[in-house]
Amino acid sequence: ATVVGLNALVGKPDKPTYQQSSSMSVDSLNNLAGATKRALESIESIASKDPSNLTQQVTLLLDGWIRLRNEGSSKGTQQYVQLLQQNGIGKNEEQTERFF
């Protein structure tokens, strides 16, 4: 017996898989998937060393930036940079890269 997809039952054509619709070869897609997995593993390894409140701290800092940009204040930009410095952003290259 042939298995019919749900889309075919309701009169819609089945969507092709990403591999069927991509101009990339299967090998290239597999290489990309592998690289993505390795990048995620690396990020998780680095993030496991972060302080427990880092996500909350970064969220608050980004929320402040969004509010500042919505106000359009150039004076606030200087205050925001000072706030970043008070929170250790810019102390060393690694921490600055992790923030941005």
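These figures come from a predicted structure and were not determined experimentally.

What counts and what doesn't
- The written sequence of each chain sets the order in which its residues are numbered from 1.
- The predicted nature of this model means local features are confined to residues of pLDDT at least 70 and side-chain atom pairs, given and counted, to a pLDDT of 80 or more, with totals for whole chains, interfaces and linings taken over all residues.
- The side-chain quantities take in all heavy atoms of the structure and omit both hydrogens and water.
- Working definition: helices are DSSP H or I runs of at least four residues, strands are E runs of at least two. Numbering for both runs from the N terminus.
- Relative accessibility under 20% of the residue-type maximum defines a buried residue, over 50% an exposed one, and the middle range a partly exposed one, all with a 1.4 Å probe and only protein chains included.
- By the convention used here, residues are in contact when the closest approach between their heavy atoms is within 4.5 Å.
- All accessible-area figures derive from a Shrake-Rupley calculation using a 1.4 Å probe, and residue coverage is judged against the displayed protein chains alone.
- Residue count minus one, scaled by 1.5 Å, sets the expected span of a helix.
- For salt bridges, the criterion is a side-chain nitrogen of Lys or Arg within 4 Å of an Asp or Glu carboxyl oxygen.
- Working definition: rings of Phe, Tyr and Trp (its six-membered ring) pair if their centres are within 6.5 Å, and the pair is stacked with planes under 30 degrees apart, edge-to-face with planes over 60 apart, and tilted otherwise.
- Among the buried residues, those of types Ala, Val, Leu, Ile, Met, Phe, Trp, Tyr and Cys that are joined through side-chain atoms within 4.5 Å form a nonpolar core.

Caption draft 1: Expanded view of the overall build of the protein chain. A count of helical and extended segments in the protein chain gives 6 helices and 0 strands. Order of helices (α) and strands (β) in the protein chain, N terminus to C terminus: α-α-α-α-α-α. Split into buried and exposed, the 100 residues of the protein chain put 10% on the buried side. Residue pairs at least 24 apart in sequence account for 23% of intrachain contacts in the protein chain once pairs closer than 6 positions are excluded. Accessible surface computed for the protein chain: about 8,500 Å², of which carbon and sulfur atoms make up 53%.

Caption draft 2: Main features of helix H4 (residues 54-71). For H4, which comprises 18 residues, the first-to-last C-alpha distance of 26 Å matches the rise-based estimate of 26 Å (1.5 Å per residue) to within 8%. Positive phi appears at Gly72, one or two residues downstream of H4, with a value of about 75 degrees.

Caption draft 3: View of the pattern of salt bridges. Using the criterion set out here, one finds 1 salt bridge in the structure. With a closest N to O distance of 2.8 Å, Asp63 and Arg67 form a salt bridge. Of this pair, Asp63 and Arg67 both sit in helix H4, 4 residues apart, which is roughly one turn of that helix.

Caption draft 4: Structural context of the packing of aromatic side chains. Tallied over the full model, the rule gives 1 aromatic pair. Seen from their ring centres, Trp65 and Tyr80 are 5.1 Å apart, and the 45 degrees between their planes marks the pair as tilted. Of this pair, Trp65 sits in helix H4 while Tyr80 sits in helix H5 (residues 74-86), placing them 15 residues apart in sequence.

Caption draft 5: Representation of the environment of Met24 in the model. By the secondary structure assignment, Met24 is in the loop between helix H2 (18-21) and helix H3 (26-47). Among the residues examined, Met24 registers a relative accessible area of 34% and is labelled partly exposed. Residues contacting Met24, with those up to four places away along its chain left out, are Leu29 and Leu32.

Caption draft 6: Region of the structure containing the nonpolar core. Counting 5 residues, the largest nonpolar core consists of Leu61, Leu68, Tyr80, Leu84 and Ile89. Elements that contribute at least two residues to this core include exactly H4 and H5.

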